[in-house]
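# Structural overview
Each chain, written out:
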Amino acid sequence: MSITESLARVRAAIDDACREAGRDPAAVRLLPVSKYHSVAAIREAHAAGYGLFGENKVQELVAKAAELGQEGIGFAAIGHVQTNKARQVAEVATELHSLDSLRLAEALQRRLEAVGRRLPVLVQVNTSGEQAKSGIRPEEAVEFASKLSAFDALEPRGLMTMAVNSPDEDEVAACFGSLADARRRIRDAMGGGWEELSMGMSGDFRLAIREGSTCVRIGTAIFGPRPAQAPL
Ligand SMILES: *Cc1c(COP(=O)(O)O)cnc(C)c1O
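About the criteria used
Think of each chain on its own: its residues are numbered from 1, step by step along the sequence as written. Local features in this predicted model are restricted to residues of pLDDT 70 or higher, and side-chain atom pairs are both shown and tallied only at a pLDDT of 80 or more, whereas totals for entire chains, interfaces and linings draw on every residue. For the side-chain quantities, the full set of heavy atoms in the structure was used; hydrogens and water were omitted. UniProt positions are given in the numbering used here, feature names are shortened, and annotations may be inferred rather than shown by experiment. Contact between two residues is taken to exist if any of their heavy atoms lie within 4.5 Å; hydrogens are not considered. Nearness is judged by heavy atoms alone; a residue qualifies as near a molecule or strand once a single heavy atom is within 4 Å of it. Residues adjacent in sequence count toward polar contacts only when both atoms are side-chain atoms; beyond that, a polar contact is any pair of N or O atoms within 3.5 Å, and within protein one must be able to donate a hydrogen and the other to accept it. Accessible areas in this description were obtained via Shrake-Rupley with a 1.4 Å probe; residue shielding takes into account the shown protein chains only. Polar here means any residue other than Ala, Val, Leu, Ile, Met, Phe, Trp, Tyr, Cys and Pro, which are nonpolar, and Asp, Glu, Lys and Arg, which are charged; Gly is therefore polar. We define the nonpolar core as a collection of buried residues of types Ala, Val, Leu, Ile, Met, Phe, Trp, Tyr and Cys that are connected through side-chain atoms lying within 4.5 Å of one another. Exposure classes here rest on a 1.4 Å probe applied to the protein chains alone. A residue is buried below 20% of its type maximum, exposed above 50%, and partly exposed in between. Here a strand is any run of E in DSSP of at least two residues, a helix any run of H or I of at least four, and the numbering for each starts at the N terminus.

The protein chain has the name Pyridoxal phosphate homeostasis protein in an unreviewed UniProt entry, where Tessaracoccus bendigoensis DSM 12906 is given as its organism. Annotation of the protein chain in UniProt includes, under Sequence similarities (unreviewed entry), the sentence "Belongs to the pyridoxal phosphate-binding protein YggS/PROSC family." Comment text from UniProt for the protein chain, heading Cofactor (unreviewed entry), reads "pyridoxal 5'-phosphate".

Here's what the structure looks like:
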């Protein structure tokens, strides 16, 4: 199946999941995750109508943006960003889904000021409690959100999570529910904003939509299995 066909299938599955959940399909955006896939694959998805792609490594994001930025293609950083990569994210990324520390917020603020940019950010929350996953703890969400107001180059748009990788749907749904709950608490405390819930990947996006996702990040179901190495 071509990437164009896969995109249409995935989008149709998202729309179905929305209708089953009694939600408006227009309220859920599809962020194709292009990590490890070629610029040719990204160009094909762009021709099919997608202009923003998720990348989880800063180096790969920068290389692809250098290649494709001229064509109007943008990239969202969705993986953990080390503080020493803040400059590249500040200069190149269209949005960041994985803000997970005030140290990173501070570094981004400084670099964004230097280039006169603002950056839409989502705060990553570790809703599974797994050591290997980044993100603030759900109980820190309100305090973290309020501290972000000090960084005026950052535009907080919402929250992001990766659910536990488990065959138990209840466990997966609990992760997504925890993110939705964190957003509710933030909105109550801050009086609005924070609309985005970036949650759901190839294997669990239907559940995420049921729990209120506004952005699903999907790689494998669109581009196929990932090659062993990044192309750039
Ligand atoms: C790779 C990745 C995805 C996409 O995963 P698939 O299972 O290939 O759909 C989503 N979010 C993040 C943060 C990722 O790193």
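Attention now goes to the UniProt feature "modified residue: N6-(pyridoxal phosphate)lysine" (unreviewed entry) in the protein chain. In the numbering adopted here, UniProt assigns the feature "modified residue: N6-(pyridoxal phosphate)lysine" (unreviewed entry) to K35. With sequence-adjacent residues up to four places away left out, K35 is seen in contact with G54, E55, N56, E60, K64 and R226.

Bringing the site of the ligand into the picture now. Taken together, V33, K35, N56, I78, M162, M201, S202, R217, I218, G219, T220 and R226 make up the full set of residues adjacent to the ligand. Separating a nitrogen atom of the ligand from a side-chain N or O atom of R217 is a distance of 2.9 Å. Take R226: an N or O atom from its side chain is 2.8 Å from an oxygen atom of the ligand. Burial of the ligand by the protein chains amounts to 92% of its free accessible area of 390 Å². Across the shell around the ligand, the residue classes break down as 5 nonpolar, 4 polar and 3 charged.

This part is about the nonpolar core. Ranked by size, the top nonpolar core spans 68 residues in total, and within it I14, L30, L99, L108, L148, L154 and L159 carry the most contacts. It is helix 7 (residues 169–190) that contributes the most residues to this core, 8 residues altogether. Not counting chain neighbours up to four residues away, the residues in contact with L108 comprise A86, V89, A90, L96, L99, L119 and L154. Counting 6 residues, the second-largest nonpolar core is a separate cluster that includes L31, V33, A76 and I78.

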